[in-house]
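Results of the structural survey
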Amino acid sequence: MSKPVVFSGIQPSGNLHVGNYLGAVKHWIELQDSDKYDCYFCIVDYHSLTGNRGADERREQTLTTAAELLALGIDPNKSTLFIQSHVPECTELAWIFNTVTPVVELERMTQFKDKSKQQTKNINAGLFTYPVLQAADILLYHGELVPVGADQVQHIELTRNITRWFNKRYTEYFLEPKPLLTEAPKVMSLLEPDKKMSKSLGEGHVIELADEPKVIENKLKKAVTATTGGGKAPGVDNLLLLLEHFADGDVCQQFVKAEKAGKISYSELKGVVAEAVASSFADFRERRAHLLSDPAVLKAQLSDGAKKARVVAEKTMKEARELAGIK
Ligand code: TRP
(Lines give C-alpha, C1' and ligand atoms only; values in the text may rest on other atoms or scores of the structure.)
Protein backbone atom coordinates (compact mmCIF):
# COMPACT_ATOMS: atom_id res chain seq x y z
CA MET A 1 0.00 0.00 0.00
CA SER A 2 1.38 3.35 -0.92
CA LYS A 3 1.10 6.11 1.63
CA PRO A 4 -0.52 9.49 0.97
CA VAL A 5 1.94 11.99 -0.42
CA VAL A 6 2.71 15.02 1.72
CA PHE A 7 4.43 17.89 -0.05
CA SER A 8 5.63 21.18 1.33
CA GLY A 9 8.10 23.86 0.39
CA ILE A 10 10.07 26.54 2.13
CA GLN A 11 11.85 29.58 0.79
CA PRO A 12 15.62 29.59 1.31
CA SER A 13 15.77 32.65 3.52
CA GLY A 14 18.87 31.65 5.49
CA ASN A 15 18.56 31.09 9.20
CA LEU A 16 15.18 29.87 10.36
CA HIS A 17 13.57 31.59 13.33
CA VAL A 18 11.35 30.25 16.10
CA GLY A 19 8.23 31.30 14.18
CA ASN A 20 9.27 29.21 11.17
CA TYR A 21 9.99 26.31 13.48
CA LEU A 22 6.72 26.32 15.43
CA GLY A 23 4.68 27.28 12.37
CA ALA A 24 6.06 24.79 9.87
CA VAL A 25 9.12 22.65 10.39
CA LYS A 26 8.06 21.17 13.72
CA HIS A 27 4.91 19.92 12.05
CA TRP A 28 6.81 18.53 9.04
CA ILE A 29 8.92 16.47 11.39
CA GLU A 30 5.83 15.13 13.14
CA LEU A 31 4.31 14.13 9.80
CA GLN A 32 7.55 12.44 8.78
CA ASP A 33 7.91 10.59 12.07
CA SER A 34 4.30 9.42 12.10
CA ASP A 35 5.34 7.00 9.36
CA LYS A 36 1.93 7.46 7.73
CA TYR A 37 3.02 9.55 4.76
CA ASP A 38 5.39 9.69 1.87
CA CYS A 39 6.91 13.11 2.59
CA TYR A 40 8.57 15.51 0.17
CA PHE A 41 10.17 18.68 1.52
CA CYS A 42 11.53 21.15 -0.94
CA ILE A 43 13.69 24.24 -0.64
CA VAL A 44 12.23 26.50 -3.29
CA ASP A 45 15.14 28.40 -4.78
CA TYR A 46 13.34 29.09 -8.09
CA HIS A 47 10.62 30.83 -6.11
CA SER A 48 13.23 32.91 -4.34
CA LEU A 49 14.33 34.35 -7.68
CA THR A 50 11.21 36.51 -7.55
CA GLY A 51 12.69 38.44 -4.61
CA ASN A 52 15.59 40.85 -4.49
CA ARG A 53 18.47 38.70 -3.29
CA GLY A 54 21.72 38.28 -5.19
CA ALA A 55 23.09 35.01 -6.53
CA ASP A 56 25.77 34.36 -3.90
CA GLU A 57 23.40 35.07 -1.08
CA ARG A 58 20.82 32.72 -2.60
CA ARG A 59 23.33 29.91 -2.97
CA GLU A 60 24.49 30.28 0.61
CA GLN A 61 21.02 30.58 2.08
CA THR A 62 19.80 27.54 0.18
CA LEU A 63 22.55 25.43 1.68
CA THR A 64 22.02 26.87 5.15
CA THR A 65 18.30 26.16 5.02
CA ALA A 66 19.03 22.58 3.98
CA ALA A 67 21.51 22.13 6.85
CA GLU A 68 18.99 23.57 9.30
CA LEU A 69 16.18 21.28 8.17
CA LEU A 70 18.45 18.27 8.56
CA ALA A 71 19.71 19.50 11.93
CA LEU A 72 16.12 19.89 13.12
CA GLY A 73 15.31 16.30 12.26
CA ILE A 74 14.19 16.04 8.65
CA ASP A 75 15.65 12.63 7.97
CA PRO A 76 16.67 11.82 4.38
CA ASN A 77 16.06 8.15 5.11
CA LYS A 78 12.42 8.86 5.87
CA SER A 79 11.63 11.91 3.72
CA THR A 80 12.68 13.19 0.34
CA LEU A 81 14.48 16.46 1.04
CA PHE A 82 15.65 18.34 -2.03
CA ILE A 83 16.33 21.65 -3.68
CA GLN A 84 13.68 22.72 -6.16
CA SER A 85 16.06 23.64 -8.98
CA HIS A 86 17.67 20.21 -8.84
CA VAL A 87 14.43 18.94 -10.35
CA PRO A 88 13.94 21.39 -13.22
CA GLU A 89 10.82 19.55 -14.42
CA CYS A 90 8.81 21.79 -12.10
CA THR A 91 9.46 24.78 -14.37
CA GLU A 92 8.33 22.80 -17.40
CA LEU A 93 5.12 21.73 -15.71
CA ALA A 94 4.63 25.30 -14.49
CA TRP A 95 4.73 26.46 -18.10
CA ILE A 96 1.97 24.06 -19.08
CA PHE A 97 -0.04 25.20 -16.05
CA ASN A 98 0.51 28.84 -17.04
CA THR A 99 -1.39 28.11 -20.21
CA VAL A 100 -4.48 26.81 -18.40
CA THR A 101 -4.53 29.51 -15.72
CA PRO A 102 -6.63 32.64 -16.33
CA VAL A 103 -4.81 35.89 -15.57
CA VAL A 104 -7.77 37.16 -13.53
CA GLU A 105 -7.32 34.30 -11.09
CA LEU A 106 -3.71 35.28 -10.46
CA GLU A 107 -4.71 38.90 -10.03
CA ARG A 108 -6.77 37.89 -7.00
CA MET A 109 -3.80 36.44 -5.10
CA THR A 110 -3.24 38.40 -1.91
CA GLN A 111 0.42 37.39 -1.66
CA PHE A 112 1.03 38.92 -5.08
CA LYS A 113 -0.66 42.13 -3.99
CA ASP A 114 1.34 42.24 -0.75
CA LYS A 115 4.66 41.53 -2.43
CA SER A 116 3.95 44.12 -5.10
CA LYS A 117 3.62 46.66 -2.32
CA GLN A 118 6.80 45.45 -0.62
CA GLN A 119 9.03 45.42 -3.69
CA THR A 120 7.62 48.26 -5.76
CA LYS A 121 10.74 48.42 -7.93
CA ASN A 122 10.69 44.74 -8.80
CA ILE A 123 7.17 43.61 -9.66
CA ASN A 124 8.37 40.90 -12.01
CA ALA A 125 6.29 38.39 -13.94
CA GLY A 126 7.66 35.62 -11.74
CA LEU A 127 6.02 37.21 -8.75
CA PHE A 128 2.74 37.03 -10.62
CA THR A 129 3.04 33.38 -11.69
CA TYR A 130 4.63 32.32 -8.40
CA PRO A 131 1.58 30.26 -7.34
CA VAL A 132 1.58 28.43 -10.67
CA LEU A 133 5.10 27.20 -9.97
CA GLN A 134 3.91 26.23 -6.52
CA ALA A 135 1.12 24.16 -8.08
CA ALA A 136 3.70 22.46 -10.30
CA ASP A 137 5.84 21.63 -7.25
CA ILE A 138 2.95 19.90 -5.58
CA LEU A 139 1.45 18.14 -8.58
CA LEU A 140 4.74 16.88 -9.98
CA TYR A 141 4.79 14.49 -7.02
CA HIS A 142 1.00 14.02 -6.92
CA GLY A 143 0.98 15.67 -3.53
CA GLU A 144 -2.26 15.02 -1.66
CA LEU A 145 -1.68 16.90 1.56
CA VAL A 146 0.12 20.19 1.75
CA PRO A 147 1.04 21.39 5.23
CA VAL A 148 0.99 25.18 5.09
CA GLY A 149 0.16 28.20 7.15
CA ALA A 150 -3.08 30.13 6.65
CA ASP A 151 -1.34 32.62 4.34
CA GLN A 152 -0.79 29.88 1.76
CA VAL A 153 -4.29 28.47 1.66
CA GLN A 154 -5.27 30.66 -1.27
CA HIS A 155 -2.37 29.23 -3.27
CA ILE A 156 -3.46 25.69 -2.51
CA GLU A 157 -6.99 26.57 -3.61
CA LEU A 158 -5.50 27.84 -6.86
CA THR A 159 -3.57 24.57 -7.18
CA ARG A 160 -6.88 22.74 -6.86
CA ASN A 161 -8.32 24.92 -9.60
CA ILE A 162 -5.32 24.36 -11.85
CA THR A 163 -5.88 20.63 -11.40
CA ARG A 164 -9.44 21.06 -12.65
CA TRP A 165 -8.51 23.35 -15.53
CA PHE A 166 -5.82 20.93 -16.73
CA ASN A 167 -8.03 17.87 -16.33
CA LYS A 168 -10.92 19.54 -18.12
CA ARG A 169 -8.82 20.70 -21.03
CA TYR A 170 -6.94 17.40 -21.45
CA THR A 171 -7.72 14.28 -19.42
CA GLU A 172 -8.57 13.51 -15.81
CA TYR A 173 -5.06 13.09 -14.54
CA PHE A 174 -4.08 15.21 -11.54
CA LEU A 175 -5.70 14.81 -8.13
CA GLU A 176 -6.74 17.86 -6.16
CA PRO A 177 -4.47 18.32 -3.16
CA LYS A 178 -5.73 19.53 0.20
CA PRO A 179 -4.12 22.06 2.50
CA LEU A 180 -3.17 20.61 5.86
CA LEU A 181 -3.72 23.50 8.17
CA THR A 182 -1.76 23.21 11.32
CA GLU A 183 -2.77 24.86 14.47
CA ALA A 184 0.31 26.97 14.36
CA PRO A 185 0.93 29.31 17.22
CA LYS A 186 1.52 32.77 15.87
CA VAL A 187 4.87 33.97 17.13
CA MET A 188 5.13 37.75 17.13
CA SER A 189 8.06 40.11 16.70
CA LEU A 190 10.03 40.81 19.89
CA LEU A 191 10.15 44.54 19.20
CA GLU A 192 6.75 45.08 17.59
CA PRO A 193 4.58 42.37 19.09
CA ASP A 194 1.57 43.41 17.05
CA LYS A 195 3.37 42.09 13.95
CA LYS A 196 4.16 38.51 13.02
CA MET A 197 7.79 37.52 13.66
CA SER A 198 9.56 37.95 10.36
CA LYS A 199 13.13 38.52 9.25
CA SER A 200 12.02 41.36 7.02
CA LEU A 201 11.34 43.43 10.15
CA GLY A 202 15.02 43.27 11.14
CA GLU A 203 17.51 41.38 13.31
CA GLY A 204 16.22 42.34 16.75
CA HIS A 205 12.67 41.22 15.92
CA VAL A 206 13.40 37.51 15.55
CA ILE A 207 15.04 34.72 17.51
CA GLU A 208 16.95 32.62 15.05
CA LEU A 209 17.33 28.95 15.89
CA ALA A 210 21.08 29.30 15.36
CA ASP A 211 21.43 32.25 17.72
CA GLU A 212 23.95 31.68 20.51
CA PRO A 213 22.50 31.82 24.08
CA LYS A 214 24.08 35.21 24.72
CA VAL A 215 22.50 36.64 21.56
CA ILE A 216 19.09 35.30 22.54
CA GLU A 217 19.48 36.78 26.01
CA ASN A 218 20.34 40.21 24.61
CA LYS A 219 17.48 40.17 22.12
CA LEU A 220 15.05 39.27 24.87
CA LYS A 221 16.33 42.02 27.13
CA LYS A 222 15.16 44.48 24.50
CA ALA A 223 11.83 42.72 23.88
CA VAL A 224 8.80 44.95 24.32
CA THR A 225 6.53 44.03 27.23
CA ALA A 226 4.76 47.24 28.11
CA THR A 227 1.57 48.40 26.47
CA THR A 228 0.42 51.87 25.82
CA GLY A 229 -2.99 52.50 27.30
CA GLY A 230 -3.37 49.48 29.58
CA GLY A 231 -5.09 46.23 28.60
CA LYS A 232 -3.33 43.02 27.71
CA ALA A 233 0.26 43.30 26.55
CA PRO A 234 0.85 41.35 23.33
CA GLY A 235 4.60 41.30 24.02
CA VAL A 236 4.04 39.49 27.31
CA ASP A 237 1.65 37.02 25.69
CA ASN A 238 4.30 36.34 23.09
CA LEU A 239 6.93 35.55 25.71
CA LEU A 240 4.48 33.29 27.51
CA LEU A 241 3.78 31.53 24.24
CA LEU A 242 7.49 30.84 23.81
CA LEU A 243 7.65 29.49 27.35
CA GLU A 244 4.69 27.25 26.71
CA HIS A 245 6.50 25.68 23.77
CA PHE A 246 10.08 25.64 24.94
CA ALA A 247 10.08 25.41 28.74
CA ASP A 248 9.35 22.33 30.82
CA GLY A 249 6.09 21.50 32.49
CA ASP A 250 4.53 24.17 34.58
CA VAL A 251 7.07 26.98 34.19
CA CYS A 252 4.71 28.80 31.85
CA GLN A 253 1.77 28.32 34.22
CA GLN A 254 3.73 29.85 37.08
CA PHE A 255 4.31 33.00 35.08
CA VAL A 256 0.71 33.11 33.89
CA LYS A 257 -0.39 32.95 37.52
CA ALA A 258 2.12 35.61 38.55
CA GLU A 259 0.88 37.85 35.79
CA LYS A 260 -2.75 37.47 36.85
CA ALA A 261 -1.78 38.29 40.39
CA GLY A 262 0.08 41.35 39.15
CA LYS A 263 3.31 39.98 40.54
CA ILE A 264 5.15 39.13 37.38
CA SER A 265 8.74 40.23 36.91
CA TYR A 266 9.33 40.86 33.22
CA SER A 267 13.08 40.70 33.56
CA GLU A 268 12.81 37.32 35.23
CA LEU A 269 10.40 36.14 32.53
CA LYS A 270 12.82 37.25 29.82
CA GLY A 271 15.70 35.41 31.44
CA VAL A 272 13.69 32.20 31.71
CA VAL A 273 12.48 32.45 28.10
CA ALA A 274 16.05 33.04 26.89
CA GLU A 275 17.31 30.02 28.78
CA ALA A 276 14.45 27.79 27.59
CA VAL A 277 14.82 28.70 23.92
CA ALA A 278 18.62 28.53 23.94
CA SER A 279 18.71 25.11 25.59
CA SER A 280 15.96 23.72 23.31
CA PHE A 281 18.23 24.33 20.33
CA ALA A 282 21.61 23.43 21.83
CA ASP A 283 21.79 20.09 20.01
CA PHE A 284 20.49 21.75 16.87
CA ARG A 285 23.28 24.32 16.92
CA GLU A 286 25.87 21.57 17.15
CA ARG A 287 24.40 19.48 14.37
CA ARG A 288 24.02 22.54 12.17
CA ALA A 289 27.65 23.58 12.65
CA HIS A 290 28.76 20.05 11.91
CA LEU A 291 26.73 19.85 8.69
CA LEU A 292 27.94 23.23 7.48
CA SER A 293 31.55 22.33 8.22
CA ASP A 294 31.48 19.81 5.40
CA PRO A 295 29.47 21.21 2.47
CA ALA A 296 30.50 18.32 0.21
CA VAL A 297 28.69 15.80 2.40
CA LEU A 298 25.68 18.08 2.67
CA LYS A 299 25.53 18.57 -1.08
CA ALA A 300 25.78 14.82 -1.63
CA GLN A 301 22.77 14.29 0.65
CA LEU A 302 20.79 16.86 -1.29
CA SER A 303 21.74 15.35 -4.58
CA ASP A 304 20.50 11.95 -3.34
CA GLY A 305 17.21 13.61 -2.41
CA ALA A 306 16.91 15.15 -5.86
CA LYS A 307 17.60 11.80 -7.50
CA LYS A 308 14.72 10.23 -5.59
CA ALA A 309 12.43 13.13 -6.41
CA ARG A 310 13.39 13.14 -10.03
CA VAL A 311 12.27 9.56 -10.63
CA VAL A 312 8.71 10.62 -9.82
CA ALA A 313 9.00 14.01 -11.50
CA GLU A 314 10.21 12.58 -14.81
CA LYS A 315 7.35 10.12 -14.95
CA THR A 316 4.74 12.77 -14.22
CA MET A 317 6.28 15.13 -16.75
CA LYS A 318 6.35 12.48 -19.44
CA GLU A 319 2.65 11.77 -18.88
CA ALA A 320 1.70 15.43 -18.68
CA ARG A 321 3.54 16.23 -21.90
CA GLU A 322 1.76 13.46 -23.71
CA LEU A 323 -1.63 14.56 -22.41
CA ALA A 324 -0.96 18.11 -23.58
CA GLY A 325 0.10 16.92 -27.02
CA ILE A 326 3.76 17.69 -26.66
CA LYS A 327 6.11 14.93 -27.82
N1 TRP B 1 4.91 29.62 -1.29
C2 TRP B 1 5.35 28.91 -0.11
C3 TRP B 1 5.67 29.94 0.97
O4 TRP B 1 5.93 31.07 0.66
C5 TRP B 1 6.55 28.06 -0.41
C6 TRP B 1 6.21 26.97 -1.36
C7 TRP B 1 6.66 26.82 -2.62
C8 TRP B 1 5.35 25.85 -1.11
N9 TRP B 1 6.17 25.68 -3.20
C10 TRP B 1 5.37 25.07 -2.30
C11 TRP B 1 4.57 25.47 -0.02
C12 TRP B 1 4.60 23.93 -2.40
C13 TRP B 1 3.83 24.32 -0.13
C14 TRP B 1 3.83 23.54 -1.31
O15 TRP B 1 5.70 29.59 2.13
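Up top is the structure these notes are about.
Residues numbered from 1 in each chain as written. Predicted model: local features only at pLDDT ≥ 70, side-chain atom pairs only at ≥ 80, totals over all residues. Heavy atoms only, no water.

1. Observations concerning the overall build of the protein chain
Basically, it comes down to this: Runs of H or I in DSSP of at least four residues are treated as helices and runs of E of at least two as strands, each being numbered from the N terminus. Just to be clear, the radius of gyration here is over C-alpha atoms, and the globule rule we use is 2.2 Å times residues to the power 0.38. Between buried and exposed lies partly exposed: a residue is buried under 20% and exposed over 50% of the maximum accessible area for its type, with that area taken using a 1.4 Å probe on protein chains only. By the convention used here, residues are in contact when the closest approach between their heavy atoms is within 4.5 Å. In this count, Lys and Arg are taken as positive residues and Asp and Glu as negative ones, while His and the chain termini are left out. Lysine's charge is taken at NZ, arginine's at CZ, aspartate's at CG and glutamate's at CD.
Each helix and strand in the protein chain was counted, giving 14 helices and five strands. For 327 residues, the compact-globule estimate of 2.2 N^0.38 gives 20 Å, and the protein chain sits close to it at 21 Å. Over its C-alpha atoms, taken along the principal directions, the protein chain stretches across nearly 70 × 45 × 40 Å. Classification of the 327 residues of the protein chain by burial places 48% in the buried group. Counting contacts in the protein chain only where the partners sit at least 6 residues apart, residues at least 24 apart contribute 75% of the total. The averaged location of the 43 negative side-chain charges in the protein chain is 3 Å from the averaged location of its 41 positive side-chain charges.

2. Observations regarding the state of the cysteines
Under the convention used in this document: Cysteine sulfur atoms that come within 2.5 Å of each other are treated as a disulfide pair.
All told, the structure shown has zero disulfides when counted by the stated rule. There is no disulfide at Cys 42, and the cysteine sulfur nearest it, in Cys 90, is 6.9 Å away. Here Cys 42 falls in the buried class, since its relative accessible area comes to 1%.

3. Overview of the nonpolar core
Heads up, the rule is: Only buried residues count toward a nonpolar core. Its members are Ala, Val, Leu, Ile, Met, Phe, Trp, Tyr and Cys residues joined through side-chain atoms within 4.5 Å.
If you look at the biggest cluster of nonpolar residues, it comprises 58 residues, and the most contacted ones within it are Val 18, Leu 69, Leu 72, Phe 246, Leu 269 and Phe 281. Among residues more than four places away in sequence, those in contact with Phe 246 are Val 18, Tyr 21, Leu 22, Ala 276, Val 277, Ser 280 and Phe 281.

4. Remarks on the site of the ligand
We count it as follows: The cutoff for a nearby residue is simple: one of its non-hydrogen atoms must lie within 4 Å of the molecule or strand. Counting of polar contacts relies on pairs of N or O atoms within 3.5 Å, with two restrictions inside protein: one atom must be capable of donating a hydrogen and the other of accepting it, and residues adjacent in sequence are counted only when both atoms are side-chain atoms. Three categories are distinguished: nonpolar for Ala, Val, Leu, Ile, Met, Phe, Trp, Tyr, Cys and Pro, charged for Asp, Glu, Lys and Arg, and polar for the others, with Gly belonging to the last.
The full set of residues close to the ligand is Phe 7, Ser 8, Gly 9, Val 44, His 47, Tyr 130, Gln 134, Asp 137, Ile 138, Val 146, Val 148 and Gln 152. Within the side chain of Tyr 130, one N or O atom sits 2.8 Å away from a nitrogen atom of the ligand. The side chain of Gln 134 places a nitrogen or oxygen atom 3.0 Å from a nitrogen atom of the ligand. For the shell around the ligand, the elements supplying multiple residues, two or more each, are β1 (5–10), α7 (125–140) and β4 (145–148). With four residues, the top contributor of residues to the shell around the ligand is α7. Across the shell around the ligand, the residue classes break down as six nonpolar, five polar and one charged.

5. Quick word on the packing of aromatic side chains
Two aromatic rings, taken as a pair, are described by how far apart their centres are and by the angle between their planes. Which entries qualify depends on this criterion: The aromatic pairing rule takes the rings of Phe, Tyr and Trp, using the six-membered ring of Trp, and pairs them if the centres are within 6.5 Å, calling planes under 30 degrees apart stacked, those over 60 edge-to-face and the rest tilted.
One pass over the full model with this rule turns up 15 aromatic pairs. Through a chain of ring-to-ring contacts, three or more aromatic side chains come together here, namely Phe 97, Phe 166, Tyr 170, Tyr 173 and Phe 174.

6. Here's the deal with unusual backbone geometry
The backbone of His 142 shows a phi angle near 50 degrees, a positive value even though the residue is not glycine. Counting through the fold element by element, His 142 comes out in the loop between α7 and β4. Phi angles above zero are rare outside glycine, and Lys 327 is one such case at about 75 degrees. One can find Lys 327 in the segment after α14 (295–324). The exposure class of Lys 327 is exposed, given its relative accessible area of 81%.

7. Section: the pattern of salt bridges
Quick reminder of the rule: Put simply, a salt bridge is a Lys or Arg side-chain nitrogen that is within 4 Å of an Asp or Glu carboxyl oxygen.
Scanning all chains against the criterion turns up 19 salt bridges. A salt bridge links Arg 108 to Glu 105, with the shortest nitrogen-to-oxygen separation between them at 3.0 Å. For Arg 108, a relative accessible area of 46% gives the class partly exposed. A salt bridge links Arg 160 to Glu 176, with the nearest nitrogen and oxygen atoms 3.2 Å apart. Note that Arg 160 is positioned in helix α8 (residues 153–169) and Glu 176 in the loop between α8 and β5 (178–181), a separation of 16 residues in sequence.

8. Focus on the pairing of strand β2 (residues 38–43)
Where we set the bar: Each pair of strands is called paired provided DSSP finds at least two bridges between the two strands. Every crossover in which the path from the first strand over the helix to the second runs clockwise, viewed with the strands pointing away from the viewer, is termed right-handed.
Within β2, five of the six residues are buried, leaving the element largely enclosed by the surrounding structure. Of the strand pairs in this sheet, β1 and β2 are connected by six bridges, and their pairing is parallel. From the neighbouring strand, Val 6 faces β2, where its bridge partner is Cys 39. A crossover connection joins β1 to the parallel β2 through helix α1 (residues 18–34); in handedness this β-α-β unit is right-handed. Across four bridges, the pairing between β2 and strand β3 (residues 80–83) is parallel.

9. As for the packing of helix α4 (residues 89–98) against α7
Helix-helix packing: each pair is described by the crossing angle between the helix axes and the interaxial distance. Our working definition: Axis lines are fitted through C-alpha atoms, for helices just across the contact stretch, and the angle between N-to-C directions can take any value from 0 to 180 degrees. The cut-offs work like this: below 35 degrees is roughly parallel, past 145 is roughly antiparallel, 65 to 115 is roughly perpendicular, and the gaps in between are oblique. Crossing handedness is read from the near helix: turned anticlockwise from the far helix by less than a right angle, it gives a left-handed crossing, and turned clockwise, a right-handed one.
At a minimum axis separation of 8 Å, α4 and α7 run at an interaxial angle of 120 degrees. The angle between α4 and α7 places the two elements in the oblique class. For the element pair α4 and α7, the recorded crossing hand is right-handed. Residues Glu 89, Cys 90, Thr 91, Leu 93, Ala 94, Phe 97 and Asn 98 of α4 pack against Thr 129, Val 132, Leu 133, Ala 135, Ala 136, Asp 137, Leu 139 and Leu 140 of α7. Grouping the constituent residues of the contact of α4 with α7 by class yields 10 nonpolar, three polar and two charged.

10. A few points about the side chain of Ser 8
In this fold, Ser 8 is placed in strand β1. Here Pro 147 takes part through its backbone oxygen, which lies 2.8 Å from a polar atom of the side chain of Ser 8.

11. Focus on the pairing of β4
Side chains Leu 145 and Pro 147 of β4 all project onto a buried face; the interleaved residues Val 146 and Val 148 project onto the opposite face, where all are buried too. Pairing of β4 with β5, which is carried by four bridges, proceeds in the parallel orientation. Within β5, the position partnered with Leu 145 by the bridge is Lys 178. Crossover β4 to β5 through α8 is right-handed.

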